[in-house]
Amino acid sequence: SRWNVTLTDTGSAIYYHRPVAFTRSIIVAVLPVNDAPRFDILEEVSVWEDSGNFTGPTAFNITTGSPFEPEQLLTFSMVQYPQLATVDNATSLLPMLDLLLASPRMSPGGNLSFLPAPDRHGQMEFGVRLHDDGGTRNNGTNVSVEKRLTLTVLPVNDPPLFD
C-alpha cells in the first residue's frame, strides 16, 4: 500500500513567510504470516471391550487457520499422556499401549482409528495437535493448540470358562 504524506509549514521567516510543503511517499508492505490451524475435538471416545476396529469422526471444525491458506495440507499428531493410563483397573506411570494393538491415528478429515486389544479394558489420554505445511516464516505458526482426548475401552462381562 502506498501513502503520500505532506508536511506543511504555514510560513516562516526563512521562506519569507510563504507556506512550504514537502510530500513524501511511504510504502507499507504487510507480509503474509501462516496462521495456526484450528479444530475442535470430542473429549472422550468410548468403545466396548472386544468390539473390534473403531473408526469414527472425532475432530471437527477443521481449518487451516485462515481463509487465505486453503491449499495447505493438514495432519494430526497424537501423543499419549503416560501418567494417565489405566488398564484393567491398574494405574501406571508408564505408557500403557497394551490397551490397544496399535497407536491410534487421526485422518486429516478428523476420523479416529484404533483397535483395542482383546480382553482388555481401561482408559488412555492423548494430546492431539493439528499441523499444516505452511511453515513458520515471519513468525507464523503451523501447529494448533493441543487438545486432550480420552480413549476408554469399557469392560464386558465375559462368560465363565470351565476346564
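What comes next is a walk through the structure. Everything quoted here is computed from the prediction, not taken from an experiment. (Residues numbered from 1 in each chain as written. Predicted model: local features only at pLDDT ≥ 70, side-chain atom pairs only at ≥ 80, totals over all residues. Heavy atoms only, no water.)

**As for the overall build of the protein chain**
In step 1: The helix and strand inventory of the protein chain stands at 0 helices and 13 strands.
In step 2: Its helices and strands in sequence order give the protein chain the pattern β-β-β-β-β-β-β-β-β-β-β-β-β, from N to C terminus.
In step 3: Expressed as a percentage of its 163 residues, the buried residues of the protein chain come to 31%.
In step 4: At a minimum sequence separation of 6, the contacts of the protein chain that also span at least 24 residues come to 64%.
In step 5: With an accessible surface of roughly 10,900 Å², the protein chain has 58% of that area assigned to carbon and sulfur atoms. (Helix = DSSP H or I, 4+ residues; strand = E, 2+ residues; numbered from the N terminus. Buried < 20%, exposed > 50% of the residue type's maximum accessible area, 1.4 Å probe, protein only. Contact = heavy atoms within 4.5 Å. Areas by Shrake-Rupley, 256 points an atom, 1.4 Å probe, with all protein chains shown as cover.)

**Quick notes on the nonpolar core**
The nonpolar side chains of soluble globular proteins are, as a tendency, buried together.
In step 1: In terms of nonpolar packing, the biggest core is built from 20 residues, with Met106, Leu112, Val128, Leu149 and Leu151 touching the most fellow members.
In step 2: The element that contributes the greatest number of residues to this core is strand 12 (residues 122-132), accounting for 4 residues.
In step 3: Not counting chain neighbours up to four residues away, the residues in contact with Leu151 comprise Val45, Leu100, Pro104, Leu112, Phe114, Gly122, Gln123, Met124 and Phe126. (Core = buried A, V, L, I, M, F, W, Y, C linked by side-chain atoms within 4.5 Å.)

**Some points on the packing of aromatic side chains**
In step 1: Tallied over the full model, the rule gives 2 aromatic pairs.
In step 2: A ring pair is formed by Phe39 and Phe76, whose centres lie 5.2 Å apart and whose planes are at 90°; its orientation type is edge-to-face. Taken as a pair, Phe39 in strand 3 (residues 38-41) and Phe76 in strand 7 (residues 74-80) lie far apart in primary sequence, 37 residues in all.
In step 3: On the numbers, 5.1 Å between centres and 35° between planes, the contact of Phe54 with Phe114 is tilted. A residue pair is termed long-range when its members are at least 10 positions apart, and Phe54 in strand 5 (residues 54-57) and Phe114 in strand 11 (residues 111-114) qualify at 60 residues.
In step 4: Judged by its relative accessible area of 3%, Phe114 is buried.
In step 5: Over the ring of Phe39 we find Lys147; its NZ or CZ atom is 5.1 Å from the centre of that ring. (Phe/Tyr/Trp six-rings, centres within 6.5 Å; stacked < 30°, edge-to-face > 60°. Lys NZ or Arg CZ within 6 Å of the ring centre and 35° of its normal.)

**Side note on the sheet that holds strand 11**
In step 1: The strand order 5-11-10 describes an open sheet built from 3 strands, whose pairing is antiparallel. This sheet does not close on itself; its edge strands, each paired only once, are strand 5 and strand 10 (105-106).
In step 2: Where strand 10 and strand 11 come together, 2 bridges link them in antiparallel fashion. Paired with Arg105 across the two strands is Ser113, which belongs to strand 11. (Pairing = 2+ DSSP bridges.)

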